[in-house]
Amino acid sequence: MQAGYRFSIGPWNISEGADPYGPTTRAPKSFDWKLGKFKAAGFDAVMFHDDDVVPDIDGKSAEQIKKEAREMKKKLGDAGMFAEIVAPRLWFSPNTIDGAYTSNDPKARQYAIDRSLRTIDIGAELDCDLIVLWLAREGTYLRESKDGRRSVELIVEAVDKMLAHNPKARIAIEPKPNEPMDHAYIPTIGHALAVAQLCSDPKRVGGLIETAHCILAGLDPADEIDFAMAFGKLWSLHLNDQNGLKFDQDKPFGSANLRVAFNQIRALERNGYAKTGACVAFDVHSFRATKEEHCFDHATNSMRTFVKLVERARSFDEKAAQKLVADRNYQALDQMVIEHLLGK
Ligand code: XUL
Ligand code: MN
C-alpha cells in the first residue's frame, strides 16, 4: 500500500508483445514468476480471468475447477496477496465467436452463462466476491445482425442468473465502446449503471472504469470516475493511457496525457476512493519493442507515476484555484495547473 491506496495487477499485464501484424517478441513467463514480480513491486492483489486460475477450464469438472481454485488461494496466501477480481474470459472460445450473452445462438448463450457461474465458484474459493464483466463480443460487426434492445435484455438475464447463483457475488461491468467489435452495447459507465437498475438486485451490480476505454468513447476518464462514484458504484479501476482514437493501447498510466492522469487522481481523491477499500489496478501492456529484461517496467512505472501524481494532487493549492474559479479566470487556472505539473 502506498499513499493509502491498494494496488492490483493481472497476469495478462506481463505479455509477450504479439500484435495482429506480428508474432511475440518476448518469452512467456510462468504465473509463479509473475507473482514474485507483483509481490516485489508492492502490489497487494492479483486480478484473474477464470482460466488464469484454472487453465483449460472448459474441459474440467466443477469439482476440479474448485480444487484448482483452492490451490491458487493457497499460493496467493503464501505470497501475502489476495484475489481482487475474477472475470470470465468469454471472448476466446469457439462457442462465442458471435457474442456470449447476446449471441444469436442459444447454445452459445448457455455456454456463456454456465462459464460465468463457474467463474463465481472460482471467486468463492478465492474469497473474492467481485466478478468483472468486460463484455467483449456483446456488440456487432454490423448493426443489422442483432437487436439492441433484446441484447440489453439478454445481458440483464445473464447478470440475474449470476446474482441468483451466489448471494455474495457482486458484478462490476467494465464498459468499452469498441474493439474487438465495431460497436459494443455497454460503451460507458452510464450504460453499465443503467443496466444495473434493470437487474434483480441493483445493489450488487456496479462498474469498473478503464482510462483507455473512456478515451476511446471520447470521454474524460475523470468525469466517468466522478459519475460512478456519485452512485457509490466504482468498485475497481483500470488505470492506463491511450493516445487518441485508435486500437486499445493500454499504455503506462500518464504516458500519453499527464494532465488527464492528474485529473483522474483528483477525482479519486475528492471522492475518497481509497477509503472504499477498492483497488487501483493498472491494465497496462509493454510496448512491443520492450526487451525481455524490461518486461514489467510498464507496471512499476505506472505505480510510480500514480504515487507521484497523488502527491501533486494533494499539494495542489485548492484555495488559490477556487479563487480563480470564483473570478472566472480560467486562463490563470489553466496555467496554474500546468505549472503545478511542471513542478518547481
Ligand atoms: C480489455 C480489457 C480486459 C479486461 C479484463 O480491453 O481491458 O483486459 O480488463 O477482462
Ligand atoms: Mn481492463
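Residues numbered from 1 in each chain as written. Chains lettered and ligands numbered in written order. Predicted model: local features only at pLDDT ≥ 70, side-chain atom pairs only at ≥ 80, totals over all residues. Heavy atoms only, no water.

### Considering the coordination of the manganese ion (ligand 2)
Then, number 1: Taken together, Glu174 (OE), Glu210 (OE), His238 (ND1) and Asp283 (OD) make up the full set of protein donors to the manganese ion (ligand 2), lying 2.0 to 2.2 Å away.
Then, number 2: Taken together, the six donor atoms coordinating the manganese ion (ligand 2) span angles of 78 to 171° at the metal, a pattern that classifies the geometry as octahedral.
Then, number 3: Along the chain, the residues donating to the manganese ion (ligand 2) are arranged with the sequence spacing E-x35-E-x27-H-x44-D. With Glu210 in strand S8 (residues 205-210) and His238 in strand S9 (residues 234-239), this pair connects stretches of sequence that are 28 residues apart. (Donors = N, O, S within 2.8 Å, 3.2 Å for Na, K, Ca; no water. Tetrahedral: all angles 85-135°; square planar, octahedral: opposite > 155°, others 65-115°. Helix = DSSP H or I, 4+ residues; strand = E, 2+ residues; numbered from the N terminus.)

### Examining the pairing of S9
It is a general feature of regular strands that their side chains alternate between the two faces of the sheet.
Then, number 1: A large share of S9 lies buried, amounting to six of its six residues.
Then, number 2: Note: S8 against S9, four bridges, orientation parallel. The residue bridging Ile209 from the neighbouring strand is Leu237, located in S9.
Then, number 3: In terms of handedness, the path from S9 via helix H9 (residues 258-270) over to strand S10 (residues 279-282) forms a crossover that is right-handed. (Buried < 20%, exposed > 50% of the residue type's maximum accessible area, 1.4 Å probe, protein only. Pairing = 2+ DSSP bridges. Right-handed = clockwise from strand over helix to strand, strands pointing away.)

### Digging into the site of ligand 1
Then, number 1: Around ligand 1, the neighbouring residues are Trp12, His49, Trp91, Trp134, Glu174, Lys176, Glu210, His213, His238, Asp248 and Asp283.
Then, number 2: In this structure, Trp12 approaches ligand 1 through a side-chain N or O atom, which is 3.5 Å from an oxygen atom.
Then, number 3: At 2.9 Å from an oxygen atom of ligand 1 is found a side-chain nitrogen or oxygen belonging to Glu210.
Then, number 4: With the chains in place, 93% of the 290 Å² that ligand 1 exposes on its own is no longer accessible.
Then, number 5: Of the residues contributing to the shell around ligand 1, the split by class is three nonpolar, three polar and five charged. (Near = heavy atom within 4 Å. Polar contact = N/O pair within 3.5 Å; in protein donor to acceptor, adjacent residues only side chain to side chain. Areas by Shrake-Rupley, 256 points an atom, 1.4 Å probe, with all protein chains shown as cover. Nonpolar A, V, L, I, M, F, W, Y, C, P; charged D, E, K, R; others polar.)

### A look at the nonpolar core
Then, number 1: Among the nonpolar cores identified, the biggest contains 87 residues, and Phe43, Phe48, Leu126, Phe282 and Phe306 are the most heavily contacted of them.
Then, number 2: Ignoring anything within four residues of it in the chain, the contact list for Phe282 reads Phe7, Ser8, Ile9, Asn13, Phe43, Met47, Leu239, Phe253, Ser302, Met303 and Phe306.
Then, number 3: In this structure, Met47, Ala87, Leu208 and Ala281 belong to the second largest nonpolar core, which totals 10 residues. (Core = buried A, V, L, I, M, F, W, Y, C linked by side-chain atoms within 4.5 Å. Contact = heavy atoms within 4.5 Å.)

### Overview of the pattern of salt bridges
Side chains bearing opposite charge may pair, as long as their charged atoms lie close to each other.
Then, number 1: For the coordinates displayed, the defined rule picks out 25 salt bridges.
Then, number 2: Notably, a salt bridge pairs Asp51 with Arg89, separated by 2.8 Å at the nearest N-O pair. Of this pair, Asp51 sits in helix H2 (residues 50-53) while Arg89 sits in the loop between strand S3 (82-87) and helix H4 (106-125), and the two are 38 residues apart along the sequence.
Then, number 3: What makes Arg89 buried here is its relative accessible area of 12%.
Then, number 4: A salt bridge links Asp201 to Lys203, with the nearest nitrogen and oxygen atoms 3.1 Å apart.
Then, number 5: Residue Lys203 is classed as exposed on the basis of its relative accessible area of 66%. (Salt bridge = Lys/Arg side-chain N within 4 Å of Asp/Glu carboxyl O.)

### So, the pairing of strand S2 (residues 45-49)
Then, number 1: Where burial is concerned, most of S2 is hidden: five out of the five residues are buried.
Then, number 2: The alternating pattern of S2 places Ala45, Met47 and His49 and Val46 and Phe48 on opposite faces, both of which are buried.
Then, number 3: Pairing of strand S1 (residues 6-9) with S2, which is carried by two bridges, proceeds in the parallel orientation. Bridging from a neighbouring strand, Ser8 pairs with Ala45 of S2.
Then, number 4: Of the crossover connections in this fold, the one passing from S1 over helix H1 (residues 31-40) to the parallel S2 is right-handed.

Keep in mind these values describe shape, not function.
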